[in-house]
Amino acid sequence: AAGVIQSPRHLIKEKRETATLKCYPIPRHDTVYWYQQGPGQDPQFLISFYEKMQSDKGSIPDRFSAQQFSDYHSELNMSSLELGDSALYFCASSLGSGGQPQHFGDGTRLSIL
Amino acid sequence: RKEVEQDPGPFNVPEGATVAFNCTYSNSASQSFFWYRQDCRKEPKLLMSVYSSGNEDGRFTAQLNRASQYISLLIRDSKLSDSATYLCVVPSSNTGKLIFGQGTTLQVKP
């Protein structure tokens, strides 16, 4: 079965650069969530979209923005990157936003030099 | 106090052992609960969903106690391949964002 696809798998950037992470949800899933997981930490919710509208916002810095497009894929845009942004970024998708199980992509490992 | 709390372990058990993990949550309005498994540097994978009193899937049993706001995961006949971090997860009742416990690390030894 098709899973959540994230790209790129690995990304190396320098401080103050920008990065764009992409997420393609499972077909027919209408809700996308973004999570950040630092070393030794549990995943922290960043932002979510339901039917192309932002549905919730967590601990996402103002330097980050995201959107969900008409084909339901989502992009997380990160600017003025800082060393502390180094983490695993996961995208998850679900059918509906009412507490359904979420299925995660393989993640993007972002390293800031 | 964290919204979802777990004993981080690690739990070191021999193959074939039975091991149980506990989790407590603070939002009494929560309706669904999940156990995810995460291997090192990999994505969380859904292990079990719990909507009523419990759920069973092969060697894995999850139980829910709403009065005590407590969820458990029981693994019977542990395998080496069960070694991983087990995340207790509670979705927000409004938007479904997942709230994770800190995870419990299991190491199964031969």
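Here we summarise the structure given alongside this text. Sequence positions are assigned chain by chain, starting from 1 and proceeding in written order. For naming, the first written chain is A and the first written ligand is 1, with later ones following in the order written. For this predicted model, a pLDDT threshold of at least 70 governs which residues receive local features, and a threshold of 80 or more governs which side-chain atom pairs are given and counted, while totals over whole chains, interfaces and linings are taken from all residues. In computing side-chain properties, one takes all heavy atoms of the structure into account and sets aside hydrogens as well as water.

Attention now goes to the nonpolar core. All names here are of chain B. What we call a nonpolar core is a set of buried Ala, Val, Leu, Ile, Met, Phe, Trp, Tyr and Cys residues that are connected through their side-chain atoms within 4.5 Å. Burial classification: accessible surface area is computed with a 1.4 Å probe over protein chains only, and a residue below 20% of its type maximum counts as buried, one above 50% as exposed, and the rest as partly exposed. Residues Phe21, Trp35, Ile71, Ile75, Tyr86 and Leu106 are the most contacted members of the largest nonpolar core, which totals 24 residues. Elements with a contribution of two residues or more to this core: strand 3 (19–25), strand 4 (33–38), strand 5 (45–50), strand 7 (60–65), strand 8 (70–75), strand 9 (84–91) and strand 11 (104–109). Residues contacting leucine 106, with those up to four places away along its chain left out, are Phe11, Val13, Val19, Phe21, Ile75, Asp82, Ser83, Ala84 and Tyr86. Elements are defined by DSSP. Helices are runs of H or I of four residues or more, strands are runs of E of two residues or more, and each kind is numbered from the N terminus. Working rule for contacts: check all heavy atoms of both residues, and any pair within 4.5 Å makes them a contact.

Residue and element names in this part refer to chain A. In what follows, salt bridge is the name for a side-chain nitrogen of Lys or Arg lying within 4 Å of a carboxyl oxygen of Asp or Glu. Under the defined criterion, the tally for this structure stands at 10 salt bridges over all chains. Note that arginine 63 is salt-bridged to glutamate 82, the shortest N-O span being 3.4 Å. Residue arginine 63 is located in the loop between strand 6 (53–57) and strand 7 (64–68), and its partner glutamate 82 is located in the loop between strand 8 (74–78) and strand 9 (87–94); the two are separated by 19 residues in the primary sequence. Given a relative accessible area of 41%, glutamate 82 falls into the partly exposed group.

Okay, the sheet that holds strand 8 of chain A next. Residues and elements named next belong to chain A. If DSSP finds at least two bridges between two strands, the strands pair. The strand order across the open sheet built from four strands is 1-3-8-7, with neighbouring strands paired in antiparallel fashion. Strand pairing shows two members of the sheet lacking a second neighbour, strand 1 (5–7) and strand 7, which therefore form its edges. On average, each strand axis in the sheet is inclined to that of its neighbour by 15°, with strand direction left out of account. Only the stretch in contact is used when a helix axis is fitted, and all axes are lines through C-alpha atoms; the angle between N-to-C directions ranges over 0 to 180 degrees.

This next bit is on the packing of aromatic side chains. Pairing of aromatic rings covers Phe, Tyr and the six-membered ring of Trp, with a centre-to-centre limit of 6.5 Å; geometry is then stacked below 30 degrees between planes, edge-to-face above 60, and tilted otherwise. In total, this model carries 14 aromatic pairs over all chains according to the counting rule given. Centre to centre, the rings of tyrosine 35 of chain A and phenylalanine 45 of chain A are 5.9 Å apart; their planes meet at 65°, and the pair counts as edge-to-face. One end of the pair, tyrosine 35 of chain A, is in strand 4 (residues 31–37); the other, phenylalanine 45 of chain A, is in strand 5 (residues 44–50), with 10 residues separating them in the sequence. Pairwise contacts between aromatic rings join Tyr33, Tyr35, Phe45, Phe90 and Phe104 of chain A together with Phe34, Tyr36, Tyr51 and Phe100 of chain B into one cluster.

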